[in-house]
Amino acid sequence: MAVELKDLTKSEENYSQWYNDLVMKAGLAENSAVRGCMVIKPYGYAIWEKMHEVLDGMFKETGVQNAYFPLFIPKSFFSKEANHVEGFAKECAVVTHYRLKNDENGKGIVVDPAARLEEELIVRPTSETIIWNTYKGWINSYRDLPILCNQWANVVRWEMRTRLFLRTAEFLWQEGHTAHETREEAEAEALQMIKVYQKFAEEWLCLPVIVGHKSPNERFAGAEDTLTIEALMQDGKALQSGTSHFLGQNFAKAFDVKFANREGKLDYVWATSWGVSTRLMGALIMAHSDNNGLVLPPKLAPTQVVIVPIYKGEEQLEAARVKMNEIADALKAKGVRVKVDDRDNVRAGFKFAEYELKGVPVRLALGQRDLANGTIELARRDTLTKETVSQEGIVDYIVNLLDEQQKNIFQKALDYRNSMITKVDTWDEFVDILNNKGGFISAHWDGTPETEQAIKEATKATIRCIPLDVELEEGKCVFTGKPSPYRVLFAKSY
RNA sequence: CGGGAUGUAGCGCAGUCCGGUUAGCGCAUCUGGUUUGGGACCAGAGGGUCCCAGGUUCGAAUCCUGGUCUCCCGACCA
């Protein structure tokens, strides 16, 4: 594996290139034969699996249960919620036939025109419609509520331009779909889940996020309110990393899902949906990586500690092995994910570079000198520093160090993010900051979709969110000069 | 769907303008040897429908015509 990851400049022009190289060289994913689709390789999938496991546990703590719904959605279901169709119609894959046959006048296989489906099936871009069609049969009374279901699935959105993990034609995600008696309960659910996402992003991915409401322009198709977690990447662009929607009674009305309430009257059910995807992998990569490769938060890293022997000849290797296994066993006993790399066909220097590329948090190197002195060389990935430490007490030292790295990686990302939120009061400043600094711009906005659209057309920046903890502050819209009650966050985004 | 570029070994590329040895280079792979505290070195070997189809020519990776793929810039989007 020859790897060159030089020339990381946090500028727009080559950050994309650099990101792509990193994803492929670190062995996370690659483009597939199918345009716009991605192959997630074992190392990348191991990280995703860990995310899946942790999130799943967090959902279950709130009372959510997993279920599974079909991949295919009849076209008629799709058209029932007007905004929803409009939002997704342009990127749907459609199944029209169910059979192939041998070509009559030639070679190869063709679609059998006789096997046309009476009603086309949409490959789900999201599952609200099929799920609400199902919920109709599950809900009669307030006693059937709430319903709190989540599904882990793949979805397809036929995007024009794709990027590994950030935007692929098919992606893996989880989508929660809940049904409630009251508006208040549904709104509380949507808020609760966005906070679960925030906690996961910050405590596991070391990814500081801003929680807020989407503006009407950026809202999910069919939602009354969309809550989002917005993260900032190292090139100064924002990434929407998870969303939680309050759907009101829109889908209940579209699918005629009524229940008998506590007063004995029929009412439509209140709904939420919420999801995060393999895009979180992209966020993880773009938030922390450096010129040597990935930097993985220890809590998420498939391998937390790697031990590399330095030796000449089989005899020395064997001696190193004994000590390495002893240390590895002691670490495993404390729940540390550790790997001993005693491959004899690549050199130590090669292994060092490889594990840095893959973002392994702690690397130990054990040579003859160390065996004689009872020491070991320890390198930490987040700071790229090396020190020689005693073998005695190494386990506790590493357990603490992993914890420290988790905090350090978060803190570094947080400091960067905070330094990239700029308050702006004039249009000139707005344009200047956007072009020369990037990051979030905190500015007044008159609250109209037209103004947001005009700003987008002028600068490519959109409103990323109206933060939950926004402070009321009289001001003037940075674009139109009309009155504004609070600041919102603008940024260029992925 | 508009604008631009590209397709040559597993990967990255040169050669194409101006047709002419056996199509070449780096990385990777395999064999042998020497090495080994930060991505080793030397020697040798294997690996090609030069995107597809048709045409021009004594002769095409190279010129012509038509197709097609991928990538980049827009519009669209988690």
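Small disclaimer: the values here were computed from a predicted structure and weren't measured.

Conventions and cut-offs
- Residues numbered from 1 in each chain as written.
- Chains lettered and ligands numbered in written order.
- Predicted model: local features only at pLDDT ≥ 70, side-chain atom pairs only at ≥ 80, totals over all residues.
- Helix = DSSP H or I, 4+ residues; strand = E, 2+ residues; numbered from the N terminus.
- Rg over C-alpha atoms; globule rule 2.2 N^0.38 Å.
- Buried ≥ 20, exposed ≤ 12 C-beta atoms within 10 Å, placed from the backbone.
- Contact = placed C-beta atoms within 7 Å.
- Pairing = 2+ DSSP bridges.
- Axes fitted to C-alpha atoms, helices over the stretch in contact; angles between N-to-C directions.
- Near = placed C-beta within 6 Å.
- Nonpolar A, V, L, I, M, F, W, Y, C, P; charged D, E, K, R; others polar.
- pLDDT = per-residue confidence, 0-100.
- Arc of directions from axis to C-beta.

K.L.:
Is there a simple way to explain the overall build of chain A in this structure?
P.N.:
Scanning chain A from N- to C-terminus turns up 14 helices and 26 strands. In terms of overall dimensions, chain A is globule-like: its C-alpha atoms have a radius of gyration of 26 Å, near the 23 Å expected for 494 residues. Principal-axis analysis of the C-alpha atoms places the extent of chain A at approximately 80 × 70 × 55 Å. Sorting the 494 residues of chain A into buried and exposed places 40% on the buried side. For chain A, contacts bridging at least 24 residues in sequence account for 68% of all contacts bridging at least 6.

K.L.:
What is the right way to look at the sheet that holds strand β4 (residues 72-74) in this model?
P.N.:
Whether parallel or antiparallel, the strands of a sheet pair through hydrogen bonds between backbone atoms. Within the open sheet, the three strands sit side by side as β4-β8-β5. Their pairing is antiparallel. The open sheet terminates on both sides in strands that have one partner only, identified here as β4 and β5 (94-97). On average, each strand axis in the sheet is tilted by 40° relative to the strand beside it, whichever way the strands run. Across three bridges, the pairing between β4 and strand β8 (residues 116-123) is antiparallel. Of the residues in β8, the one forming a bridge with phenylalanine 72 is valine 123.

K.L.:
What is the right way to read the protein's contact with RNA strand B from this model?
P.N.:
Within the structure, RNA strand B sits among 40 residues, and Met160, Gly349, Ala353, Gly367 and Arg369 are positioned closest to it. For the surface near RNA strand B, the secondary structure elements donating two or more residues are β13 (238-248), α10 (348-358), α11 (368-373) and β20 (375-380). If one sorts the elements of the surface near RNA strand B by residue count, α10 sits on top with eight residues. Here the surface near RNA strand B is built from residues that sort into 15 nonpolar, nine polar and 16 charged.

K.L.:
Honestly, the sheet that holds strand β17 (residues 305-309) in this entry has me stumped. Any pointers?
P.N.:
Taken in spatial order, the five strands line up as β18-β17-β19-β20-β21 in an open sheet, and their pairing is mixed. Whereas interior strands pair on both sides, the edge strands pair on one side only; in this sheet they are β18 (338-340) and β21 (385-390). On average, adjacent strands in this sheet sit at an angle of 25° to one another, irrespective of strand direction. Looking at chain direction, β20 and β21 are connected through six bridges and run antiparallel. What sits directly across from isoleucine 376, in β21, is valine 389.

K.L.:
Which parts of the structure should I look at to understand the environment of glutamate 474?
P.N.:
Considering the arrangement of structural elements, one finds glutamate 474 in strand β25 (residues 472-476). For glutamate 474 and glycine 359, which are 115 residues apart along the polypeptide, the C-alpha to C-alpha distance reads 46 Å.

K.L.:
Could you clarify how one ought to interpret the confidence of the model for chain A in this entry?
P.N.:
Any region with low pLDDT has predicted coordinates that should not be read closely. In the predicted model, chain A carries a mean pLDDT of 92, and 96% of its residues have values of at least 70. Predicted confidence for residues 1-12 stays below pLDDT 50, and this span has 21 contacts to residues more than four positions away or in other chains. Quick note on the complex model: pTM equals 0.95, ipTM equals 0.86.

K.L.:
Help me out: how do you make sense of helix α13 (residues 427-436) in this one?
P.N.:
Think of an α-helix as turning once every 3.6 residues; residues three or four places apart then point the same way. Among all positions in α13, only Phe430, Ile433 and Leu434 are buried. Buried residues of α13 fall within an arc of 100° about the axis and therefore sit on the same side. Facing away from the buried side of α13 by more than 90 degrees, the exposed set consists of Asp428, Asn435 and Asn436. Buried residues in α13 make contact with β22 (421-423), β23 (440-444) and α14 (449-459). Positive phi shows up at glycine 438, right after α13, with a value of about 80°.

K.L.:
Even after reading the chapter, I still don't get the pairing of strand β9 (residues 147-156), so can you show me in this structure?
P.N.:
Side-chain direction in a regular strand flips from residue to residue, so the side chains alternate between the two faces of the sheet. Relative to β9, strand β3 (residues 65-66) runs parallel, the two sharing two bridges. Paired with glutamine 65 across the two strands is cysteine 149, which belongs to β9. Pairing of β9 with strand β10 (residues 170-180), which is carried by 10 bridges, proceeds in the antiparallel orientation. Bridging from a neighbouring strand, valine 155 pairs with phenylalanine 171 of β10.

K.L.:
I'm lost on the environment of alanine 82 in this one. Help?
P.N.:
Mapping alanine 82 onto the fold places it in helix α4 (residues 82-88). Under the C-beta neighbour-count criterion, alanine 82 is labelled exposed, with 12 such atoms within 10 Å. Sequence spacing of alanine 82 and alanine 221 is 139 residues, and the spatial spacing of their C-alpha atoms is 8.8 Å.

K.L.:
How should I be thinking about the pairing of strand β24 (residues 462-467) in this particular structure?
P.N.:
In this sheet, β24 lies alongside strand β11 (residues 210-213) in antiparallel orientation, the contact comprising two bridges. From the neighbouring strand, histidine 213 faces β24, where its bridge partner is isoleucine 466. Pairing of β24 with strand β26 (residues 483-491), which is carried by three bridges, proceeds in the antiparallel orientation. Bridge pairing in β26 links cysteine 465 to leucine 489.

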